[in-house]
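# Structural characterization, general
Listed below, chain by chain, are the residues.
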Amino acid sequence: MDVLEEKEEEEQREELKALDSSDNLQDVETEVSEEQVFVPSDVLDFDWSSIDTSQLPSLYHTNSLKEEKLLLVAEHFLQQYSHLCPDRKLLFLHPVNECGLQPSKLYSPTTILKYQRGNCFDFSVVLCSLLLGAGYDAYCVHGYATRQMCSLDETLELCPLLMKPQEVPKYGMKSRIKPLPDQQSMFELQQEAKKKAETEAAQKNKGREEEQVTEVGKLKRDPWSGLRVHAWVLVLSGKREVPETFFINPFTGNSHSTMDEHFLGIESVWNHRNYWVNMQDCRNGCKDLIFDLGDTLRWEVMLSGSNRSLQQLSDAEKEKRFPDRTMDDMQEKEDMSLDMPQSWVAPIQISPREFETRCSQGRKVTLYKQAKLEKWAPYLNENGLVKRLTIYADSDYTEAVEVREWFKNREDLLVMREVNKQTQVTTDYFSPGHLLSLKAHSYKSLEPKSEHVMEFYHEARVDGLQKRVEDVKEMTEYFVGRDDFLHVRQTVFGKRVKKVHLAGTSIDSSRPIVQIKECFHRNLEKPADEDVAERIFLITEETISLTYHLKDKYITASKKDLFKAAEDDRRGRETVMTPEMCIIYEAGCPEKAKKLLPLYELLQELTKEEKQLKLQVQQSEAEVLNILEIRKNEENDIKLSVSMYNTARSEMRAHQYEATNTIEDEFLGQKEQGQDYLAPFLIQIGYREKMTKGQALRVRDNCLTDLKHRLINKVNIIQARFEKAVEELQKKEQWFQEKRDQLSTEEEGDFLTRYSEAMFHIHILALRLNREKQVAPQKYLALEEKLRKDPRLAEHLGHA
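Just so it is clear, the structure is predicted and the values come from calculations on it, not from any experiment. (Residues numbered from 1 in each chain as written. Predicted model: local features only at pLDDT ≥ 70, side-chain atom pairs only at ≥ 80, totals over all residues. Heavy atoms only, no water.)

## With respect to the packing of helix 12 (residues 596-636) against helix 17 (residues 745-789)
As a reminder, the rule being used: As a rule, the C-alpha atoms of each element are fitted with a line to give its axis, helices using only the stretch in contact, and angles between N-to-C directions run from 0 to 180 degrees. Under the DSSP-based scheme used, a helix requires at least four consecutive residues in state H or I and a strand at least two consecutive residues in state E, with every element numbered from the N terminus. For this classification, under 35 degrees means roughly parallel, over 145 means roughly antiparallel, 65 to 115 means roughly perpendicular, and everything else is oblique. Take the far helix as your reference; a near helix turned counterclockwise from it by less than a right angle gives a left-handed crossing, and one turned clockwise gives a right-handed crossing. Contacts are assigned to residue pairs with any non-hydrogen atoms lying within 4.5 Å of each other. Note that Gly is not counted as nonpolar here; it falls among the polar residues with everything else outside the nonpolar set of Ala, Val, Leu, Ile, Met, Phe, Trp, Tyr, Cys and Pro and the charged set of Asp, Glu, Lys and Arg.
With their axes 9 Å apart at the nearest point, helix 12 and helix 17 run at an angle of 45° to one another. Our classification of the angle between helix 12 and helix 17 gives oblique. Seen along the crossing, helix 12 lies across helix 17 with a hand that is right-handed. Of the residues in helix 17, those in contact with Lys 611, Lys 614, Leu 615, Gln 618, Gln 619, Ala 622, Leu 625, Asn 626 and Ile 630 of helix 12 are Glu 748, Leu 752, Tyr 755, Ser 756, Met 759, Phe 760, His 763, Ile 764 and Leu 767. Tallied by class, the residues present in the contact of helix 12 with helix 17 amount to 10 nonpolar, five polar and three charged.

Here you go:
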């Protein structure tokens with residue numbers, strides 16, 4: 001063994017001398033010198049003597065007889081491997097632990113978690129241990145990867161290998177790999193240098209200097225390509241319904257396909273059962289590798305016996321592999337073979353809270369070029385913020401251009417928020433299930449008199465509304481999947497008129513509607529010249545314009561313009577249709593005499609629809625006001641939801657609810673905190689110091705009955721108010737239908753305003769009614785629990 005080591009060291013010294021004496025690195029075969037290996041300063045500066053090894057169990061300091069035997073087997077295997085494969089580097093087989101003992105990994109998972117130090121090998125072992133504990137067929141991998149994959153959060157140039165620099169293995173299974181030739185064109189380089197010189201000269205003439213910035217996204221050729229040692233996790237398909245084999249990068253936790261070009265080769269894989277050496281060619285990376293560890297031609301196994309334990313094989317696989325052997329014979333042979341001893345490290349203990357924290361202090365900040373990424377653990381921020389990406393205009397991180405925030409576990413279902421610092425526009429995104437079917441909301445302010453863009457989950461709405469854009473002058477609504485084929489409705493408003501009241505105060509009236517325009521998709525069940533494509537209601541001009549869909553082989557569409565009679569002419573009498581009240585153009589048809597009766601019926605029908613459209617527009621305005629009011633309340637009182645499976649947090653939430661919920665105020669109507677909520681019921685039984693079980697049960701029943709009556713009365717009151725408001729609204733609508741022909745435009749506008757306010761009031765009452773019905777059982781159970789824990793009743797109700 002000593003002779004082999006001396007021979008290898010002598011060969012390495014000769015190769016290093018050859019590299020030092022060479023003038024052209026492109027013509028020689030690349031090796032890694034000691035000065036070229038980059039080890040991060042935080043690893044070198046860490047004082048490993050600060051680890052208190054005296055507190056570790058004895059298994060960290062001593063080896064058992066079985067472990068000593070396994071060491072001899074590993075050493076014998078390594079000697080055979082070095083003899084048969086002299087061109088390949090030594091295997092990562094039995095390094096020392098933090099106590100200087102073999103065999104083990106560099107240091108234990110306990111040390112990694114406690115001191116938050118380790119390299120890709122250590123993190124791979126921890127991750128593999130967790131996956132094995134969860135029932136996955138997982139293995140640690142020792143191989144090679146690109147710079148992007150080896151970098152820890154894209155901040156390190158090389159994995160912090162804790163081995164001698166001259167032991168860095170070469171790429172793939174071959175010992176002699178020439179570096180990639182320089183693929184850059186000399187002519188392009190000369191042209192770039194020329195342009196650079198001209199630019200610098202121009203800048204000097206202007207009296208200023210500008211920094212030359214390399215084009216973003218242009219990657220330089222990596223001189224260490226194929227030499228970067230990396231470790232990751234291999235998860236084989238089969239167990240836990242894993243459909244296909246994949247890799248996991250331990251630094252990020254992201255999964256990757258085995259065809260990923262960032263993984264350049266594999267030396268070996270191992271887990272708690274065995275150690276396999278890859279004998280396949282890796283010149284094409286890992287794309288062509290076959291991960292059948294039972295194939296001894298492709299994977300050399302260290303321990304004798306079956307490559308995979310019988311426990312890992314299904315009954316079908318056992319019968320297929322050993323058709324002539326009984327189960328007892330196979331079990332006896334496996335017992336006689338040398339297996340891996342039990343792990344010497346203590347079990348990994350990660351509490352749910354530590355697992356949820358994910359990083360130190362629950363917060364992590366990563367700086368990129370003109371960008372900053374912040375991450376938080378769930379529930380760490382009261383507003384549910386878990387991630388924030390800030391994009392800057394400068395490299396000093398002073399001038400923010402855009403901010404994107406991601407949220408989790410919010411009861412209002414807000415999942416993402418984008419803030420454009422230049423336009424001051426905020427866009428909120430919601431997951432499905434919001435009370436208002438809201439999908440996205442863009443705004444500068446939550447006040448009504450500003451521009452708002454609202455997107456909805458149209459599948460959850462009866463009217464099929466997909467998007468609504470509103471500002472001071474217009475409101476445009478977009479629909480999807482309607483039976484009437486409507487897809488756009490645009491409303492133009494006039495200037496608000498201030499009304500002066502008797503008290504001398506003035507308030508803004510509702511916005512007068514000037515125009516309503518609707519667009520329809522083609523209805524194939526109707527002829528094109530009878531299928532309306534667009535209709536415009538010019539409210540102030542008393543005009544209705546209809547445009548029909550184009551007929552085949554026509555470039556113009558049929559149109560109809562209908563004019564209402566003057567208000568003075570139609571007041572108190574029936575409207576008379578005249579030829580001057582309509583203009584008709586029918587594409588492809590000669591002009592002919594107008595039939596006034598169908599036009600009169602059409603005008604009457606459109607007049608009714610115009611009034612209905614005004615009501616719908618008023619309802620849309622009321623809905624916008626309602627959404628803005630609800631969103632302001634949600635932002636002022638942010639609540640986070642807790643899963644029923646999160647028992648620890650659910651119990652904490654229950655304690656918080658019990659601490660903040662004032663039974664006296666909410667349930668029994670007692671405003672003063674000093675009052676005893678049981679006082680009225682204790683007086684009824686003549687309570688002094690101690691009560692019997694019968695008296696305790698009587699107090700409990702009376703208290704719960706009183707609460708039940710209060711809850712029922714509250715719901716009945718809200719229900720009565722709701723029904724009364726609906727009845728009054730129906731009466732107003734009936735009155736409007738009877739008097740609509742006698743109302744002026746101003747009177748009609750006032751009615752629509754009052755109608756919209758009544759609809760908004762009814763909507764609020766409906767929300768309160770539903771909320772009380774949902775909360776009432778919770779209040780009842782909360783009071784029942786409080787009574788059970790009351791020290792005066794606990795003796796008799798504690799086990800009830």
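Now that the structure has been shown, we can carry on.
## Things to note about the sheet that holds strand 4 (residues 255-257)
The following threshold applies: When DSSP finds two or more bridges between two strands, those strands count as paired.
With antiparallel pairing, seven strands are arranged side by side in an open sheet as 4-3-2-1-5-6-7. Strands at the two margins of the open sheet, each flanked by one partner only, are strand 4 and strand 7 (299-301). Each neighbouring strand pair of the sheet contributes to a mean axis angle of 35°, computed without reference to strand direction. The sheet contact formed by strand 6 (residues 275-278) and strand 7 spans three bridges and is antiparallel. Considered in strand 7, the bridge of Asn 278 is made with Trp 299. Contacting strand 1 (138-145), strand 2 (229-235), strand 3 (246-248) and strand 5 (263-270), helix 5 (residues 120-133) crosses the sheet at an angle of about 5° to strand 2.

## Some remarks on the packing of aromatic side chains
Operational definition: Two aromatic rings from Phe, Tyr or Trp, using only the six-membered ring of Trp, form a pair when their centres are within 6.5 Å; if the ring planes differ by under 30 degrees the pair is stacked, by over 60 it is edge-to-face, and anything between is tilted. The rule is simple: take the accessible area with a 1.4 Å probe, protein chains only, and divide by the maximum for that residue type; under 20% is buried, over 50% is exposed, in between is partly exposed.
Taken as a whole and assessed by the stated rule, the structure comprises 12 aromatic pairs. Between Phe 123 and Phe 251 the ring centres are 6.1 Å apart and the planes differ by 75°, which places this aromatic pair in the edge-to-face class. Here Phe 251 lies in the loop between strand 3 and strand 4 and Phe 123 lies in helix 5, a separation of 128 residues in the sequence. With relative accessibility at 26%, the residue Phe 123 sits in the partly exposed group. Take Phe 251: its relative accessible area is 11%, and that puts it in the buried class. Each member of the aromatic cluster is reached from another via a ring pair, and the members are Trp 232, Phe 247, Phe 263, Phe 291 and Trp 299.

## What about the pattern of salt bridges?
Counted only if it meets this: Salt bridges are identified by distance alone: a Lys or Arg side-chain nitrogen within 4 Å of an Asp or Glu carboxyl oxygen.
Within the structure shown, the criterion is met by 42 salt bridges. A salt bridge links Glu 635 to Arg 417; the shortest N-O distance between them is 2.9 Å. Taken together, the positions of Glu 635 in helix 12 and Arg 417 in strand 12 (residues 414-420) put the pair 218 residues apart, joining distant regions of the chain. The class for Glu 635 is partly exposed, based on a relative accessible area of 22%.

## Regarding helix 3 (residues 65-84)
Heads up, the rule is: Between the first and last residue of a helix there are one fewer steps than residues, each counted as 1.5 Å, and that sum is the expected span. Regarding the arc, it is the one traced by the directions from the helix axis to the C-beta atoms.
End to end, helix 3 covers 29 Å across 20 residues, agreeing with the expected 28 Å (1.5 Å per residue, within 8%). Of the positions making up helix 3, those classed as buried are Glu 67, Leu 70, Leu 71, Ala 74, Phe 77, Leu 78 and Tyr 81. Seen along its axis, helix 3 keeps its buried residues to an arc of 130°; they face one direction. Residues of helix 3 that are exposed and point more than 90 degrees away from the buried face comprise Leu 65, Leu 72, His 83 and Leu 84. On its buried face, helix 3 is in contact with strand 5, strand 6 and strand 7.

## Here's the deal with the pairing of strand 17 (residues 474-479)
Pairing of strand 16 (residues 465-470) with strand 17, which is carried by five bridges, proceeds in the antiparallel orientation. Counted as the bridge partner of Val 469 is Thr 476 from strand 17. If you look at the hairpin formed by strand 16 and strand 17, you'll find three residues sitting between the two strands. Examined bridge by bridge, strand 17 and strand 18 (residues 486-493) share five bridges and lie antiparallel to one another. Within strand 18, the residue paired with Met 475 across the bridge is Thr 491.

## Focus on the confidence of the model for the protein chain
Rule in force here: On a scale of 0 to 100, pLDDT captures the predictor's confidence in every residue.
The predicted model of the protein chain averages 76 in pLDDT, with 72% of residues at 70 or higher. The least confident element of the protein chain is helix 4 (residues 109-115), whose mean pLDDT is 42; the most confident is strand 12, at 97. Note on residues 208-219: pLDDT is under 50 here. Beyond four places in sequence and across chains, it has 11 contacts. Ignoring residues within four places in sequence, the model shows residues 662-674, a span with pLDDT below 50, making 31 contacts including any to other chains.

## Thoughts on unusual backbone geometry
When glycine is set aside, most residues are seen to have a negative phi, and most peptide bonds are trans. The backbone of Asn 409 shows a phi angle near 65°, a positive value even though the residue is not glycine. Topologically, Asn 409 is positioned in the loop between strand 11 (400-407) and strand 12.

## Overview of the side chain of Arg 535
We apply this condition: Identification of polar contacts relies on pairs of N or O atoms within 3.5 Å, with a donor-acceptor requirement for protein atoms, meaning one able to donate a hydrogen and the other able to accept it, and with residues adjacent in sequence counted only if both atoms are side-chain atoms.
Relative to the helices and strands, Arg 535 resides in strand 22 (residues 532-538). Of the polar contacts made by the side chain of Arg 535, one reaches the side chain of Glu 518; its length is 2.8 Å. A polar atom in the side chain of Arg 535 sits 2.3 Å from the side chain of Glu 609.

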